[in-house]
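# Report on the structure
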Amino acid sequence: MTTQGNVQPKAFPLALFKFNVRDAGTLIGLLIIVITFSFLSPVFFTLPNLLNILQQSSINGIIALGMTLVIISGGIDLSVGPTAALSAVLGATLMVSGVPVPLAIMATLGVGALCGVFSGMLVAYAGLQPFIVTLGGLSLFRALALIFTNGNPIFGIPMEFRTVINSTVFGVPAPIVIVIAIAAILWVVMNKTPLGEYILAVGGNEEAARVAGVPVKRTKVTVFVISGVLASLASLILIGRLGAAEPTMGNLWELDAIAAAAIGGASLMGGKGSVIGTLIGAVILGSLRNGLTLLNIQAFYQLLATGLIIIIAMLIDRATRGK
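Summarised in this report is the structure supplied together with it.

## Concerning the overall build of the protein
Scanning the protein from terminus to terminus reveals 13 helices and four strands. In terms of C-alpha radius of gyration, the protein reaches 19 Å, essentially the compact-globule figure of 20 Å for 323 residues. Projected onto its principal axes, the C-alpha coordinates of the protein cover approximately 55 × 50 × 35 Å. Within the protein, buried positions represent 50% of all 323 residues.

Quick look at the structure:
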């Protein structure tokens, strides 16, 4: 299937993952950050700290992967943080009430899927702009989480659930393993299935995709559902680590997710993005914050550095678009 617009040609697969020139540039940026902080702090380049960075980046990585699919399709999802909060408080309530953990997990992911359906249907079938729809969802889902809990956190997450989330697989923390597994699945979706072609086509040129027979509306709903489910999965990881769920959790998660996707090469104009690039982008943000914290740099300078990286990433995208 051939479409017009911003759909990028496939890169030659050098390994299991597609690794193109843009991904290589992002990886070089990560290496520069790692080398710099390794010289500035003797603690930075140690195995415990590196695992800590990856574990801290896992939540943003999972959400950013879902965000990447939405961005590639030409949309944006500003409601991932509140979606995570609503999912977390409902899932935590079920667990605390004695509902079997597997059923509570499925229900939590189901809440994220429903939030995605809500946004996706309004975008695809009502013809509303993704920015406006998800901005409304940001307030709506957050309000529902606060109303449901009366603004109070939920404690008493079962230890059987927390033990799984805080476990390791051959010494690697479970959250890192989960994000790698999700990335592998989404790589297959984007590179080996018709859905991946549809997402690229819709983001590249929606009208051309429609003429070519792409199910545009269904594709839009699907990417929002995936984003919602992954936001819920990220919330499960967080409540497993903290042992509690708060209706205010997930604040500004959407901005971190967009930043990771943008740093990783996703174009906010749609039609271009990379699963591997997004993962590297999430690790870049995690490494930057970890390194600045080790150097006792105040938090608002960390925000400044993050903002500058996002702007630089957008300038690179503009300079390389179409080449």
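Still to come is the rest of the account.
## Overview of the pattern of salt bridges
Within this structure, the stated rule accounts for four salt bridges. Notably, a salt bridge pairs Arg210 with Glu207, separated by 3.0 Å at the nearest N-O pair. Here Glu207 and Arg210 lie together in helix α9 (residues 206-211), a separation of three residues that amounts to about one turn. Between Arg289 and Asp256 there is a salt bridge, and its shortest N-O distance comes to 2.7 Å. In this pair, Arg289 is assigned in helix α12 (residues 275-294) and Asp256 in helix α11 (residues 253-263), connecting sequence segments 33 residues apart.

## Details of the side chain of Ser287
Mapped onto the elements, Ser287 comes out in helix α12. Given a relative accessible area of 3%, Ser287 falls into the buried group. Beyond its immediate sequence surroundings of up to four residues, Ser287 is in contact with Leu30, Ile33, Phe37, Phe44 and Ile53.

## Quick notes on helix α2 (residues 47-72)
Taken as a whole, α2 carries its principal kink of about 40° at Ser58. Most of α2 is tucked away, with 19 of its 26 residues classed as buried. After α2 finishes, the residue Gly74 shows a positive phi value of roughly 95°.

## Describing α11
Helical geometry: 3.6 residues make up each α-helical turn, so side chains three or four residues apart lie on a common side. Taking burial as the measure, the 11 residues of α11 include 10 buried ones, the bulk of the element. Among all positions of α11, only Trp253, Glu254, Asp256, Ala257, Ile258, Ala259, Ala260, Ala261, Ala262 and Ile263 are buried.

## Regarding the nonpolar core
In this structure, Leu65, Phe161, Leu186, Leu230 and Trp253 are the most contacted members of the largest nonpolar core, which totals 78 residues. Counting five residues, the second-largest nonpolar core is a separate cluster that includes Ala201, Val202, Ala209 and Val216.

## Points about a nonpolar patch on the surface
Taken together, Ile297, Phe300, Tyr301, Leu304, Leu308, Ile312 and Ile316 make up a surface patch of nonpolar side chains, about 670 Å² in accessible area. Structurally, Phe300 can be placed in helix α13 (residues 299-320). By relative accessible area, which is 51% here, Phe300 ends up exposed.

## Some points on the side chain of Asp77
With respect to the helices and strands, Asp77 occurs in the loop between α2 and α3 (80-96). No salt bridge is formed by the buried Asp77; the nearest opposite charge belongs to Arg142, separated by 12 Å. There is a polar contact of 2.9 Å between the side chain of Asp77 and the side chain of Ser227. Residue contacts for Asp77: discarding those within four places in its chain leaves Met67, Val70, Thr134, Phe224, Ser227 and Glu254.

## Here we look at the packing of aromatic side chains
On inspection of all chains with the given rule, the structure shows three aromatic pairs. Seen in terms of ring centroids, Phe118 and Phe141 are 5.9 Å apart; in terms of plane orientation they differ by 70°. Their pairing is edge-to-face. Taken together, the positions of Phe118 in helix α4 (residues 101-124) and Phe141 in helix α5 (residues 130-149) put the pair 23 residues apart, joining distant regions of the chain. The exposure class of Phe141 is buried, given its relative accessible area of 4%. Consider the rings of Phe300 and Tyr301, whose centres lie 4.9 Å apart with planes at 50°: the pair is tilted. Since its relative accessible area comes to 45%, Tyr301 is described here as partly exposed.

## Comments concerning the environment of Gly61
Within the secondary structure, Gly61 is located in helix α2. Taking the C-alpha atoms as reference points, Gly61 and Ala113, separated by 52 residues in sequence, lie 18 Å from one another. In contact with Gly61, not counting residues within four places along its chain, are Val179 and Ala282.

## Side note on the environment of Asn205
If you trace the backbone, Asn205 turns up in the loop between α8 (194-204) and α9. Since its relative accessible area comes to 23%, Asn205 is described here as partly exposed. Taking the C-alpha atoms as reference, Asn205 lies 7.7 Å from Gly271; in sequence the two are 66 residues apart.

The rules behind each value
Residues numbered from 1 in each chain as written. Predicted model: local features only at pLDDT ≥ 70, side-chain atom pairs only at ≥ 80, totals over all residues. Heavy atoms only, no water. Helix = DSSP H or I, 4+ residues; strand = E, 2+ residues; numbered from the N terminus. Rg over C-alpha atoms; globule rule 2.2 N^0.38 Å. Buried < 20%, exposed > 50% of the residue type's maximum accessible area, 1.4 Å probe, protein only. Salt bridge = Lys/Arg side-chain N within 4 Å of Asp/Glu carboxyl O. Contact = heavy atoms within 4.5 Å. Bend = angle between axes of the 7 residues up to and from the residue. Core = buried A, V, L, I, M, F, W, Y, C linked by side-chain atoms within 4.5 Å. Patch = residues over 30% accessible without salt bridge, like charges linked within 9 Å, V, L, I, M, F, W, Y side chains within 5 Å. Areas by Shrake-Rupley, 256 points an atom, 1.4 Å probe, with all protein chains shown as cover. Lys, Arg positive; Asp, Glu negative; His and termini not counted. Polar contact = N/O pair within 3.5 Å; in protein donor to acceptor, adjacent residues only side chain to side chain. Phe/Tyr/Trp six-rings, centres within 6.5 Å; stacked < 30°, edge-to-face > 60°.

Function cannot be inferred from these measures alone, as they are strictly geometric.
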